[in-house]
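Architecture at a glance
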Amino acid sequence: MEKRLFIVLLFLINSFGIGLINSDYRQKYEPKWSSLDKRPLPTWYDEAKVGIFIHWGVYSVPSMGSEWFWTDWKNLKYKNYIEFMEKNYKPGFSYQEFAPEFTAELFNATQWSLLFRDSGAKYIVLTSKHHDGYCLWPSLQSFGWNSMDVGPKRDIIGELSSAIRQHSDIKFGLYYSLFEWFNRMYINDKLHIFLTEDYVEQKVRPEQMTLVKQYLPEIIWSDGDWEAPDKYWKAEEFIAWLYNDSPVRDTVVTNDRWGIGTACKHGDFYNCKDRFNPGILQKHKWENAFTLDKNSWGQRYDLTLEDFMTSEEVIHEIITTVSCNGNVLINVGPTKYGTILPIFEERLRDMGQWLKVNGEAIYASRPWLQQNDTVTPGVWYTSRSNSDISQNGDIFVYAMVLEYPYDTNTLEIYPWGRKFHETTTVTLVGLDDAVDPSVKSIVMLGMEDTKIKWQLNGAAVNIEFPPKHHTDRRGLKYAWTFKIIIENEL
């Protein structure tokens, strides 16, 4: 008896919140989560898949520990931080005295932009202000503590945003820390259990509005929210303005860090926590923000080679994230001089080379019936969206193999799950007709001119890899992708 399997592709389901905003009819969103959460996710973000995170600021000067240097030294008084300061700086040295050494003298926005383009990234997020309060633009609310007044004497955000838009099609975004460790207005509001809102009204909101109006970021990546409720931050009011009246209202996306209790609950996409990768399909769009330096977001010199992710680990993180409906946001920490360390550059260029060959399985892809193979470990799946189905109705499923089968040079996978047989048909939600999942052909990305030997064996698809020296000659490494073309015979 023929079985019918309904494959629910996320991009076709309204409840998943993924869709294209129609600018001819612009819905007005109320400043409350019940309304804001109904906004469709702008299509570009779901299709982009890969982004670059940049943590850069005064903490890049000591380059020790992490970007939390100031509070780890002065508030938490960690012994190794105190000893570092006593050994290397004069008595009474303050964190503010690091700022003149944040010179950015070698910062070349065009060079950065070309590197990010070559990495295959489709968007970047730059820290406009971290928890130390130092701003990478001439903030009127942060006199004497911004990149124009002290340090580089340059508008870092202005330079990078212009270069990104001039030299690439990458989307530009900004990270903004809501709270500041040592801001007196914030500390006073905190002492009043956030019943006063001087810090938000006089500092946060003016800066947020300026950043959006002046630099037109298409991602607002909020952070530093966890000490106060979203009502204190006036998050709903700000996001409603973003969606309704801001100059980026049709394309802007926001994350979920807007106050106590908002993580994994509100926002265009969910971060949930740093380095979030659940390994299973998530209904709501999400993002895995992780660091190439496994222990720090900011640049530091107290590290070893083992502290860096390998290129293979980076590629595997991309695959396992995208297969489960996520995006990746991969962090680099530039030096105080404005340079990106060669080891970071190598990782990004390796990623770009892999995406140049295998990007078809990543960009604009959608989750498949199952995210990873239930029988053969280390095989993850994506598929092409309805709009990418060719004129003859073919559907593309991508099997990304994380471990090369050196012993056998063959692979047995179950794209429809082990319990289904060749009589299985599938129906894509949103299509009128069922699709008979008969495999038409299989292609290895990067080896399109080589015929791949394969055969169906019940629910299994048996694939023979090309000779290893052939794939090596093509530079195929880290993960190997097979494109399974399913013919629609109905």
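In what follows, the structure referred to is the one given above.
Residues numbered from 1 in each chain as written. Predicted model: local features only at pLDDT ≥ 70, side-chain atom pairs only at ≥ 80, totals over all residues. Heavy atoms only, no water.

**Quick word on the overall build of the chain**
In terms of regular secondary structure, the chain is built from 13 helices and 18 strands. When the 490 residues of the chain are sorted by exposure, 59% land in the buried category. Looking at the chain alone, contacts between residues at least 24 apart form 71% of all its contacts between residues at least 6 apart. When the accessible surface of the chain is totalled, it reaches about 20700 Å², and 51% of it is carbon and sulfur. (Helix = DSSP H or I, 4+ residues; strand = E, 2+ residues; numbered from the N terminus. Buried < 20%, exposed > 50% of the residue type's maximum accessible area, 1.4 Å probe, protein only. Contact = heavy atoms within 4.5 Å. Areas by Shrake-Rupley, 256 points an atom, 1.4 Å probe, with all protein chains shown as cover.)

**A few points about the state of the cysteines**
Covalent bonding between the sulfur atoms of two cysteines defines a disulfide. Using the criterion set out here, one finds one disulfide in the structure. In this model Cys264 forms its disulfide with Cys272; the gap between the sulfur atoms is 1.6 Å. Where Cys264 bonds to Cys272 through sulfur, the torsion about that S-S bond is close to 95°, and the disulfide is right-handed. Taking the relative accessible area as the measure of exposure, Cys264 reaches 39% and is therefore partly exposed. (Disulfide = S-S within 2.5 Å.)

**Focus on the side chain of Glu67**
Within the secondary structure, Glu67 is located in the loop between strand E2 (50–54) and helix H3 (69–74). At a separation of 3.1 Å, a polar atom in the side chain of Glu67 contacts the main-chain amide nitrogen of Trp297. Within polar-contact distance, the side chain of Glu67 engages the backbone nitrogen of Gly298 at 3.0 Å. (Polar contact = N/O pair within 3.5 Å; in protein donor to acceptor, adjacent residues only side chain to side chain.)

**Considering the environment of Thr335**
Its location among the elements puts Thr335 in the loop between strand E8 (326–332) and helix H12 (342–358). A residue is classified by how much of its surface remains accessible, and Thr335, at 2% relative accessible area, is buried. Separated by 279 residues in sequence, Thr335 and Trp56 have C-alpha atoms that sit 7.7 Å apart. Other than its neighbours up to four places away in sequence, Thr335 contacts Trp56, Ser60, Gln299, Tyr301 and Leu341. A polar contact of 2.7 Å, which involves the side chain of Thr335, links it to the side chain of Thr339.

**Describing the packing of helix H5 (residues 109–118) against H12**
Remark: H5 packs on H12, axes separated minimally by 8 Å, with the N-to-C direction vectors making an angle of 40°. Taken together, the axis directions place H5 and H12 in an arrangement best described as oblique. Between H5, through Leu115, Phe116 and Asp118, and H12, the contact on the second element is made entirely by Glu345, Leu348, Arg349 and Gly352. Counted by class, the contact of H5 with H12 contains three nonpolar, one polar and three charged residues. (Axes fitted to C-alpha atoms, helices over the stretch in contact; angles between N-to-C directions. Parallel < 35°, antiparallel > 145°, perpendicular 65-115°, else oblique. Nonpolar A, V, L, I, M, F, W, Y, C, P; charged D, E, K, R; others polar.)

**Description of the packing of helix H11 (residues 311–322) against H12**
For the pair H11 and H12, interaxial distance at closest approach is 9 Å and the crossing angle is 50°. Considered as vectors, H11 and H12 are oriented oblique to each other. Helix-helix and strand crossings are classified by hand; for H11 and H12 the assignment is right-handed. Where H11 abuts H12, its residues Ser311, Val314, Ile315, Ile318 and Ile319 lie against Glu346, Arg347, Asp350, Met351 and Trp354. Considered class by class, the residues forming the contact of H11 with H12 number six nonpolar, one polar and three charged. (Left-handed = near helix turned anticlockwise from the far one by under 90°.)

**Focus on the pairing of strand E5 (residues 219–223)**
Counting buried positions over the five residues of E5 gives five, a clear majority of the element. Residue alternation in E5 divides its side chains into two sets, Ile219, Trp221 and Asp223 and Ile220 and Ser222, and both sets are buried. Of the strand pairs in this sheet, strand E4 (residues 171–177) and E5 are connected by five bridges, and their pairing is parallel. For Ser177, the partnering residue across the bridge sits in E5 and is Asp223. In this sheet, strand E6 (residues 253–254) lies alongside E5 in parallel orientation, the contact comprising two bridges. The residue bridging Ile219 from the neighbouring strand is Val253, located in E6. (Pairing = 2+ DSSP bridges.)

**Some points on the sheet that holds E4**
Each strand in a sheet pairs with its neighbour through backbone hydrogen bonds, running either in the same direction (parallel) or in the opposite one (antiparallel). Strand order across the open sheet formed by seven strands is E6-E5-E4-E3-E2-E8-E7, with parallel pairing between neighbours. Pairing within the sheet leaves two strands with one partner each, and these edge strands are E6 and strand E7 (286–291). Of the pairings in the sheet, the one linking E7 to E8 comprises six bridges and is parallel in character. Its bridge partner lying in E8, Ala289 is registered against Leu329. Against the sheet, H11 contacts E2, E7 and E8, and its axis sits at roughly 150° relative to E8.

**Focus: the side chain of Asn146**
Within the fold, Asn146 resides in the loop between strand E3 (123–129) and helix H6 (156–167). Side-chain polar atoms of Asn146 contact the backbone oxygen of Ser142, separated by 3.0 Å. Asn146 has contacts with Tyr134, Cys135, Trp137, Pro138 and Ser139, leaving out every residue within four places of it along the chain.

**Structural notes on the pattern of salt bridges**
Applying the stated criterion across every chain, the model contains 31 salt bridges. The partner of Glu180 in a salt bridge is Lys203, and the shortest N-O contact between them spans 2.8 Å. Within this pair, whereas Glu180 is found in the loop between E4 and helix H7 (184–191), its partner Lys203 is found in helix H8 (residues 198–215), the two being separated by 23 residues in sequence. This pair shows no difference in class: Glu180 is buried, exactly as Lys203 is. (Salt bridge = Lys/Arg side-chain N within 4 Å of Asp/Glu carboxyl O.)

**Describing a nonpolar patch on the surface**
Taken together, the side chains of Leu106, Tyr301 and Tyr337 present a nonpolar region at the surface, about 310 Å² in accessible area. Along the chain, Tyr301 turns up in the loop between E7 and H11. (Patch = residues over 30% accessible without salt bridge, like charges linked within 9 Å, V, L, I, M, F, W, Y side chains within 5 Å.)

**Some points on the sheet that holds strand E12 (residues 410–413)**
Taken in spatial order, the three strands line up as E12-E17-E16 in an open sheet, and their pairing is antiparallel. The open sheet terminates on both sides in strands that have one partner only, identified here as E12 and strand E16 (453–457). The mean inter-strand angle of the sheet, taken between neighbouring strand axes irrespective of direction, is 15°.

**Concerning the packing of aromatic side chains**
Aromatic rings considered in pairs are described by the distance between their centres and by the relative angle of their planes. Counting across every chain of the model gives 48 aromatic pairs. Pairing Tyr89 with Phe93 gives two aromatic rings, centres 4.7 Å apart and planes at 40°, and the pair type is tilted. When the ring of Tyr404 is compared with that of Trp480, the centres are 5.2 Å apart and the planes differ by 70°; the resulting orientation is edge-to-face. Taken together, the residues span a long stretch of sequence, with Tyr404 in the loop between strand E11 (395–401) and E12 and Trp480 in strand E18 (residues 480–487) at a distance of 76 residues. For the pair shown, Tyr404 and Trp480 are each scored as buried. Note that Arg39 overlies the ring of Tyr243, its terminal NZ or CZ placed 4.0 Å from the centroid. Over the face of the ring belonging to Tyr176 we find Lys129, whose NZ or CZ atom lies 4.5 Å from the ring centre. (Phe/Tyr/Trp six-rings, centres within 6.5 Å; stacked < 30°, edge-to-face > 60°. Lys NZ or Arg CZ within 6 Å of the ring centre and 35° of its normal.)

Scope: geometric values only; no functional claims are made or implied.
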